[in-house]
Amino acid sequence: MKLFVKIFLFLPLLIMLIAVNYFVDPADLFHYRQNEETIARFLTIGKPVVMDLNKFNVRWIKKHYLEKDLVRKNIILGSSRSLEISSNLFHLDSFFNDSVPIATLEDYLAFYWLQEKNNGLPEKVFIELTPWLLFPNNKLSDNDKLITEYREMLAHLGIDELSGNGELLKKLKSEYSQLFSLAYFQNSIFKYKGYRSGVEDNEEEETVMWPDGSVIYGKSFFGQTDTIRAKAVRGIDNSLNLISSQGPELFRQDILEKFLEHIRQDGVSVVGFLLPYHPLTYNGLKNTNSNWNIDIAENYFRDLADQKKILLIGSYNPDKCRCVEEDFYDGIHTKISGLKKVFSI
């Protein structure tokens, strides 16, 4: 009887959890939403959009944009760390930043394939090489909206997606398991239509996505030095969660190498770049007892660039980029002042 009462009392909470996760659906697992497509449409007609990146699927926005018939001679493949790189920074007219938060190797392949099949080959590709790029815990699940493009690019490279002991594209979870997820519920209660086109004079409070795909972070990313330092310390654990102490997956290394070779065979110029970490974060990551710490990762990418005859710019080490604490928003995101130093602009 007591068990029945407990179940009866718990049942409304479970129903509420499922209902909120299904109808709010922050990752758009169960519904098609027009917000991301509308934002992409604003970008294609040259209008910037004020938005909260955490409340939208940035991959969908970039995918919708790339499906338009637009010529882009220079593109960037990167993570949120490179989102602030703009056409103005490089003084390039035909430019689009395809960076997305916590970018994966799968994202890179999918976005390049979208560019190649919809708009033709670019002249130059800038590729951010992140320490977590070669780890399987950062792969796309079958739920992701870019999975089709990723698989098409793999086939174009002549790679069997089920190679590597079948681990690369093993389905992480059924999308319907998210109906019972408390983490998904937490995201759901913060989800709302929070964007507007056009930018007010002296817009500083909110994040703005510009027509070239770049972003200017709002004041929520700023803080006093002690606040930034606290974020830098937390950035150590956050970064370690993205990598494995066992080292990178060999199969993913093979994919990256073949992908870079494919781009070069297309006659496209490739520029790799490494973005620095906040000094506190860098020192914490450098001193980890791991088979893949931040210095080992940098050495791997430098050797790969030499092997593929690719120009490599920057470093994870802030000292090598002449970056100081004031050049960072937090432990991993570099301000425009730091980006200018990395690219010596």
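On to the overall build of the chain. Looking only at helices and strands, the chain has 12 helices and 9 strands in total. Within the chain, the fraction of its 345 residues that count as buried is 53%. Of the contacts made within the chain by residues no fewer than 6 positions apart, 75% connect residues no fewer than 24 positions apart. A total accessible area of about 16,400 Å² is found for the chain, and carbon and sulfur atoms account for 54% of it.

The parallel open sheet is built from 5 strands, whose spatial order is E3-E2-E4-E8-E9. Across the chains shown, the open sheet's two edge strands, defined by having one partner strand only, are strand E3 (95-97) and strand E9 (311-314). If you compare each strand with its neighbour and ignore which way they point, the axes differ by 20° on average. Judged from the 5 bridges that link them, strand E4 (residues 124-128) and strand E8 (residues 269-274) form a sheet pairing that is parallel. Across the sheet, the residue bridging to Glu128 is Phe273, located in E8. Along the sheet, helix H5 (residues 105-119) makes contact with strand E2 (74-77) and E4, crossing E2 at roughly 160°.

Here the focus is the environment of Val271. On the secondary structure map, Val271 appears in strand E8. Sequence separation between Val271 and Ile76 is 195 residues, and the spatial gap between their C-alpha atoms is 9.4 Å. Sequence-distant contacts of Val271, that is, excluding residues within four places in its chain, are made with Lys124, Val125, Phe126, Ile127, Ile310, Leu311 and Ile313.

This brings us to the packing of aromatic side chains. Considering all chains together, one arrives at 9 aromatic pairs under this definition. Arranged with centres 5.3 Å apart and planes meeting at 65°, the rings of Tyr300 and Phe301 form a pair that is edge-to-face. The same class applies to Tyr300 as to Phe301, namely buried. Of the aromatic side chains, those joined through ring pairs into one cluster are Phe90, Phe95, Phe126, Phe273 and Phe343. The ring of Phe96 has Arg72 sitting right over it, with the charged end atom 5.7 Å from the ring centre. The side chain of Arg81 reaches across the aromatic face of Tyr277, ending 4.1 Å from its centre.

Summarising the model, the chain shows a mean pLDDT of 79, and 72% of its residues fall at 70 or more. Below pLDDT 50 for its whole length, residues 164-175 participates in 28 contacts with residues either more than four positions away or in separate chains.

So, how was this worked out
Residues numbered from 1 in each chain as written. Predicted model: local features only at pLDDT ≥ 70, side-chain atom pairs only at ≥ 80, totals over all residues. Heavy atoms only, no water. Helix = DSSP H or I, 4+ residues; strand = E, 2+ residues; numbered from the N terminus. Buried < 20%, exposed > 50% of the residue type's maximum accessible area, 1.4 Å probe, protein only. Contact = heavy atoms within 4.5 Å. Areas by Shrake-Rupley, 256 points an atom, 1.4 Å probe, with all protein chains shown as cover. Pairing = 2+ DSSP bridges. Axes fitted to C-alpha atoms, helices over the stretch in contact; angles between N-to-C directions. Phe/Tyr/Trp six-rings, centres within 6.5 Å; stacked < 30°, edge-to-face > 60°. Lys NZ or Arg CZ within 6 Å of the ring centre and 35° of its normal. pLDDT = per-residue confidence, 0-100.

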